[in-house]
Each structure stands twice: as C-alpha cells, then as structure tokens.
Amino acid sequence: MSGNFSFSFSGDDIEDEAQSNSAAPIVSESVPSASAFPVPGKPLLPATSHDLHQMLSQLPSKIAYGILDVDLDGSGRIRLPRRELWDVRVQLMAEDEGEGVEPGLGNHDVKTGVYEGGFKSWESSVDLVKVLSLSKDFLTNTDAIPRLIELGCGTALPSLALFQWSLTLRSNDQESGLSIVLADYNPTVLQLVTLPNFILCWALNQRTELPLLEDAFSTEGELELTPTVLGAFEEFLLARKISLSFFSGAWSPEFIDIVSSDKSSSIGDGSKRRTIILGAETIYSPFALASFTQTIFSLMEMEKAQVHAAEAFVGAKKLYFGVGGSLDDFVAKARELGANVEEIREETEGVRRGVVRCSLP
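None of the values given here were measured: they were computed from a predicted structure.

> An account of the overall build of the protein is requested, with residue identities and associated values reported.
Secondary structure summary: the protein contains 10 helices and 12 strands in total. A total of 361 residues make up the protein; the buried ones form 57% of that total. Of the roughly 15,200 Å² of accessible surface on the protein, a fraction of 49% belongs to carbon and sulfur atoms.

As structure tokens, this is what we get:
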C-alpha cells in the first residue's frame, strides 16, 4: 500500500471538509509493528498524551464557527458547533508552518499513515448522535461514574452531543465525575478542531450565565479566546468534575496502555464505572478494522476484569467500496471474538450505513 494512497467517499462529508504538534508530555517508547494505517518504510505516529492546559495555551486569539443542526428522528434537535475549516486554513497560513497544504485541508479524504480523515464530519457520526440521544440518561447515573472514549474522534460530534447534554442533565453539585477521552491519529486534528469544538459547545451553553462570554461573542460567528475565557473554561470543567483527555497516535498495544493509565479517568476504591466507547467511520479498511476491533476489545476486557461495565457503539457504512472494510465484517469479527452484537440503527437511503452496540458477555 503506497504512502500516497487516498480515496474519496462521495457525499460523506456533512458539510465542509483540512502536523504541527500539540503538547506531548507522555509518548510511547516505540512505534508498534502491528497497528492501523501501515505504510511500508514509514513510521507510525506514536501513542501520545496531550496536556489540556498546554493545548489551550496554543489556541489562536479567536475562532470562527458554524452550527450543525441535527434532527433526532423527530424527538427534538441538537445544535452542535464546529470550527470552520476555512478558519483552520487561515490559522495555518498565518503561522506559516511547513510547506504546501496541511494534510486533510487539500483534496484527499484520507492519506494512509499521514492523515486519517479527522478534519471532516462524517455521516456515521451523526447516526451515533441520534442513537446516543435515546440513552443519554446514563450521564446522570449515580451508581456508576460515566466515562466516554471516542476513537478516531475528529470533530467529535458524538462526544460533543453527550457533553452538551451533560451540561443540562447533570446538576451543578453532582458528586460523581464525567470523564471524556478523545483520541485521533493526528495531533493537529485534536488541537485545531476537537478542542475548539468543546470550547464552543461550553461557551454557547453558558453565554447567558457569564457576561464575559457575551462579550467574547461580540462578532457574529466568532468566539474570542482570551486568557479569561480559557481560564473560565478550565474552572467550569473543574467545578463540574468533568475531565477532558486527549490522545493521538496509531491504535496499538502502546495506545491501549497510555489510554488505560489516564489518571483523569481514575476512580476511588469501591466506585463503579461505566465506559462507553464510540467510533464512527473507523473501519474503512481491513487494517483499520482489525486494529480498531482489537483496541475496543482490549479496553472492554480491561473494564470487565475490574468489574466495571463497558460497551461500544460503532457507526459505519455497510461497505467501503474499493478498500475492503465493511460493517458486516466488523460484526462478524466481533462475534468471532465472543461479543454480544446488536444492530440498533440502519440507514437504507443513499449510502447504506448502520450502528451496532457491542458488549462482552
């Protein structure tokens, strides 16, 4: 498989489509030999943990955004903010980092081993939002601390939706925490779109509560990221017991180790945790399918060994033409590994897609 291999999923991008490094205090020691996105002769990005405070310090002074209005199958709507991709391009041009077009901001949907599609919002991520809207009450469960892990998060629409719902469903004095783990192959995706989208979601939700946010929204479609605004964001997360953790790099044993050892997801002795693993459009090739499946099973098995609940929601196309991945292949592999698999949503119009739920017996 060539390092320049790429393909286009016609009609997949919901709207617009785009390697500077964010902070990396923890990096796996070696590049794994068996993980997703192999390119002969090219090393894979190592599993890396990124510090939230450091990431915030590297944001631009303001960001432009649009709103994605999602109809929840007639049961209400949710409006999810997303940083505009033209704004990302402007930032990179102003910083003059590297030569040529940033991977993902050009004409490729995916460049294997270089850029894995994270700047785009894919249709299956909206399917996951609709599915999660039916089970979001777990966010308020006092018997088990909720933890979300979104693999291949990109613009992170499913996690954004759950974060937004948590701001209204969870009380200000909720004793249990909420852990949100966001992982993407590319660190630039986390820095340029994933984190900004969470800040936008928080700011739009809280703008009537905090006068400083009303001032920060003084220009239509833009949010000023002053030190005061960013400080208020961190204070809000701390007060609400919400942790945001960011990881980049290839799916691998090292990646699993670094995610499972995340201190912000730790819980006290005797406490129970419920982990929801999310993945949208993550199985578009045989290599990605195998590594993704192994990753979610390893994470679920770790939770089961500690007597915690865990399940995975996976949204994907029925078939990725020309590249070999399919939702049916994932279901077959998951059942072969002993999982309980239930198809809970199917889209038959246009490109056929589905969402399945997996859990260990």
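> Please provide a residue-by-residue account of the nonpolar core, values included.
Counting residues in hydrophobic clusters, the biggest one holds 58 residues, and the most contacted among them are Ile-199 and Trp-202. Counting residues per element, this core draws most heavily on helix H5 (residues 187–206), which supplies 8 residues. Beyond its immediate stretch of four places on either side in the chain, Trp-202 contacts Phe-163, Leu-167, Leu-210, Leu-213, Val-229, Ala-232, Phe-233 and Phe-236. Membership of the second largest hydrophobic core comes to 33 residues, among which are Ile-258, Leu-299, Val-314 and Cys-358.

> Give a description of unusual backbone geometry that names residues and reports values.
In the Ramachandran plot, Asp-73 falls in the positive-phi region, its phi being about 50° despite a non-glycine side chain. Looking at the secondary structure, you find Asp-73 in the loop between strand E3 (62–71) and strand E4 (77–83). In the Ramachandran plot, Val-307 falls in the positive-phi region, its phi being about 60° despite a non-glycine side chain. Tracing the backbone shows Val-307 in the loop between helix H9 (286–305) and strand E10 (309–317). Of the residues examined, Val-307 reaches a relative accessible area of 57% and is grouped as exposed.

> Tell me what's going on with H5, and back it up with residues and numbers.
In a regular helix each residue adds 1.5 Å, so 20 residues correspond to 28 Å; H5 covers 28 Å between its end C-alpha atoms and thus fits that length. Across the 20 residues that make up H5, a large majority, 18, are buried.

> Describe the pattern of salt bridges, listing the residues and the values that go with them.
Under the defined criterion, the tally for this structure stands at 19 salt bridges. Ionic pairing is found between Lys-130 and Asp-73, a salt bridge with its closest N-O pair at 4.0 Å. Of this pair, Lys-130 sits in helix H3 (residues 123–132) while Asp-73 sits in the loop between E3 and E4, and the two are 57 residues apart along the sequence. The exposure class of Lys-130 is buried, given its relative accessible area of 17%. A relative accessible area of 47% means that Asp-73 is categorised as partly exposed. Between Arg-345 and Glu-347 there is a salt bridge, and its shortest N-O distance comes to 2.6 Å. When sorted by exposure, Arg-345 lands in the same class as Glu-347, which is buried. One network of salt bridges, with partners in common, ties together Asp-73, Glu-123, Asp-127, Lys-130, Arg-345, Glu-347 and Arg-353.

> I'd like a description of the sheet that holds E4, backed by residues and values.
With respect to topology, 3 strands assemble into an open sheet ordered E4-E3-E7, the strand pairing being antiparallel. Every interior strand has two partners, whereas the edge strands, E4 and strand E7 (222–224), have only one. For this sheet, the mean inter-axis angle between neighbouring strands, taken without regard to orientation, is 35°. Contacts from H3 reach E3 and E4 within the one sheet, and its direction differs from that of E3 by about 60°.

> Help me get a handle on the confidence of the model for the protein, residues and values and all.
Per-residue confidence for the protein averages 83 on the pLDDT scale, and 79% of its residues sit at or above 70. Counting interchain partners and residues more than four positions distant, the pLDDT-below-50 stretch residues 1–13 has 33 contacts. Across residues 106–117, where pLDDT falls below 50, the model places 48 contacts with residues more than four positions away in sequence or in other chains.

> How would you sum up the packing of helix H8 (residues 253–260) against H9? Please name residues and give values.
Any two packed helices are characterised by the angle at which their axes cross and by the distance between the axes. Between H8 and H9, the least distance of the axes is 10 Å, while the angle of their chain directions is 40°. Considering only the axes of H8 and H9, their crossing is right-handed. Residues Phe-255, Ile-256, Val-259 and Ser-260 of H8 form the contact with H9, whose own contacting residues are Gln-294, Thr-295, Ser-298, Leu-299 and Met-302.

> Break down the packing of aromatic side chains for me, citing the residues and quoting the values.
Taken as a whole and assessed by the stated rule, the structure comprises 6 aromatic pairs. Centroid distance Phe-163 to Phe-198: 5.2 Å. Interplanar angle 55°. Geometry classified as tilted. With Phe-163 in helix H4 (residues 157–169) and Phe-198 in helix H5, this pair connects stretches of sequence that are 35 residues apart. What makes Phe-163 buried here is its relative accessible area of 0%.

Reading the values: rules and limits
Each chain has its residues counted from 1, running along the sequence as written. Whole-chain, interface and lining totals are the exception, using all residues; otherwise, since this is a predicted model, local features are given only for residues with pLDDT of at least 70 and side-chain atom pairs are given and counted only at 80 or more. The basis for the side-chain values is all heavy atoms of the structure; hydrogens and waters are excluded. For the purposes of this entry, the term helix denotes a DSSP run of H or I that reaches at least four residues, the term strand denotes a run of E that reaches at least two, and both are numbered from the N terminus. Throughout this description, buried means an accessible area under 20% of the type-specific maximum (1.4 Å probe, protein chains only), exposed means over 50%, and partly exposed covers the range between. Working definition of accessibility: Shrake-Rupley area with a 1.4 Å probe, residue cover restricted to the visible protein chains. Only buried residues count toward a nonpolar core, which is a set of Ala, Val, Leu, Ile, Met, Phe, Trp, Tyr and Cys residues joined through side-chain atoms within 4.5 Å. Contact definition: two residues touch when any of their heavy atoms are within 4.5 Å. Helices are assigned an expected span. That span is 1.5 Å times one less than the residue count. Salt bridges are defined by distance alone: a side-chain nitrogen of Lys or Arg within 4 Å of a carboxyl oxygen of Asp or Glu. Two strands make a pair as long as DSSP finds a minimum of two bridges between them. Where helices are involved, their axes are fitted lines through C-alpha atoms of the stretch in contact, as for all axes, and angles between N-to-C directions lie from 0 to 180°. A residue's pLDDT is the predictor's confidence in that residue, given on a scale from 0 to 100. Crossings are sorted by hand: turned counterclockwise from the far helix by less than a right angle, the near helix makes the crossing left-handed, and turned clockwise it makes it right-handed. Between 30 and 60 degrees the pair is tilted, below 30 it is stacked and above 60 it is edge-to-face, where a pair is any two Phe, Tyr or Trp rings, Trp via its six-membered ring, whose centres lie within 6.5 Å.

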